[in-house]
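# A structural walkthrough
Here's the letter readout for the chains.
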Amino acid sequence: MLFGFAIVMLALGLLSGLALVLAALGMVAVVPGMTLWITFPVFCIVGFLLAASQAKRRRCAPFR
């Protein structure tokens, strides 16, 4: 359940970033305000951290 929420947060963050890029290129009529500039990194970081927190710890063999 938490992993699904993490994917949604990550997707929203990437969508915000896409809106910023398309607005800078003039392809969409979106004014890149503070909301987009804040939601892009916050949603991406929170989504990644939530997804990473659900990973299982494994013992890996050392590199040789």
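A brief report on the enclosed structure follows. Residue numbering note: each chain is counted from 1, following its sequence as written. Where totals are concerned, whole chains, interfaces and linings use all residues; where local detail is concerned, this predicted model gives features only for residues with pLDDT of at least 70, and gives and counts side-chain atom pairs only at 80 or more. No hydrogens and no water enter the side-chain calculation; it runs on all heavy atoms of the structure.

Turning our eyes to something else, we now look at the overall build of the protein chain. Tallying secondary structure elements over the protein chain gives two helices and zero strands in all. A compact globule built from 64 residues would reach a C-alpha radius of gyration of about 11 Å, whereas the protein chain, at 16 Å, exceeds it by more than 25%. Principal-axis analysis of the C-alpha atoms gives the protein chain an extent of 50 × 30 × 15 Å. Three labels apply to residues, based on accessible area from a 1.4 Å probe with only protein chains included: buried if under 20% of the type maximum, exposed if over 50%, partly exposed otherwise in between. The burial tally for the protein chain puts 20% of its 64 residues in the buried class. Elements are defined by DSSP. Helices are runs of H or I of four residues or more, strands are runs of E of two residues or more, and each kind is numbered from the N terminus. When we talk radius of gyration, it's over C-alpha atoms, and the globule rule is simply 2.2 Å times the number of residues to the 0.38.

Two distance rules govern patches: like charges are joined within 9 Å, and nonpolar side chains (Val, Leu, Ile, Met, Phe, Trp, Tyr) within 5 Å, applied only to residues with over 30% relative accessible area and no salt bridge. All accessible-area figures derive from a Shrake-Rupley calculation using a 1.4 Å probe, and residue coverage is judged against the displayed protein chains alone. We define a salt bridge as a contact between a side-chain nitrogen of Lys or Arg and a carboxyl oxygen of Asp or Glu at a distance within 4 Å. On the surface, Val21, Leu25, Met27, Val28 and Val30 cluster together to form a nonpolar patch covering roughly 450 Å² of accessible area. Examined against the element boundaries, Met27 turns out to sit in the loop between helix 1 (2-25) and helix 2 (34-53). Accessibility expressed as a relative area gives 60% for Met27, which makes it exposed.

Between the first and last C-alpha of helix 1 there are 35 Å, a value that for 24 residues agrees with the 34 Å anticipated at 1.5 Å per step. For helix 1, the full list of buried residues reads Ala6, Met9, Gly13, Ser16, Gly17, Ala19, Leu20 and Ala23. Every residue pair with non-hydrogen atoms within 4.5 Å of one another is taken to be in contact. Contacts from the buried residues of helix 1 go to helix 2. Looking one or two places after helix 1, you find Gly26, whose phi comes out positive at around 80 degrees. Here a helix's expected span is defined as the number of its residues, less one, multiplied by 1.5 Å.

Now for the packing of helix 1 against helix 2. Between helix 1 and helix 2, the least distance of the axes is 7 Å, while the angle of their chain directions is 150 degrees. Looking at the two axes, helix 1 sits roughly antiparallel to helix 2. Between helix 1 and helix 2 the crossing geometry is left-handed. Of the residues in the contact of helix 1 with helix 2, the class split is 19 nonpolar, six polar and no charged. Axis lines are fitted through C-alpha atoms, for helices just across the contact stretch, and the angle between N-to-C directions can take any value from 0 to 180 degrees. When describing relative orientation, an angle under 35 degrees is termed roughly parallel and one over 145 degrees roughly antiparallel, while 65 to 115 degrees is termed roughly perpendicular and anything else oblique. Crossing handedness: left-handed means the near helix sits turned counterclockwise from the far one by under a right angle, and right-handed means the same turn made clockwise. Only Asp, Glu, Lys and Arg are considered charged in this grouping, and only Ala, Val, Leu, Ile, Met, Phe, Trp, Tyr, Cys and Pro are considered nonpolar; every other residue, Gly among them, is considered polar.

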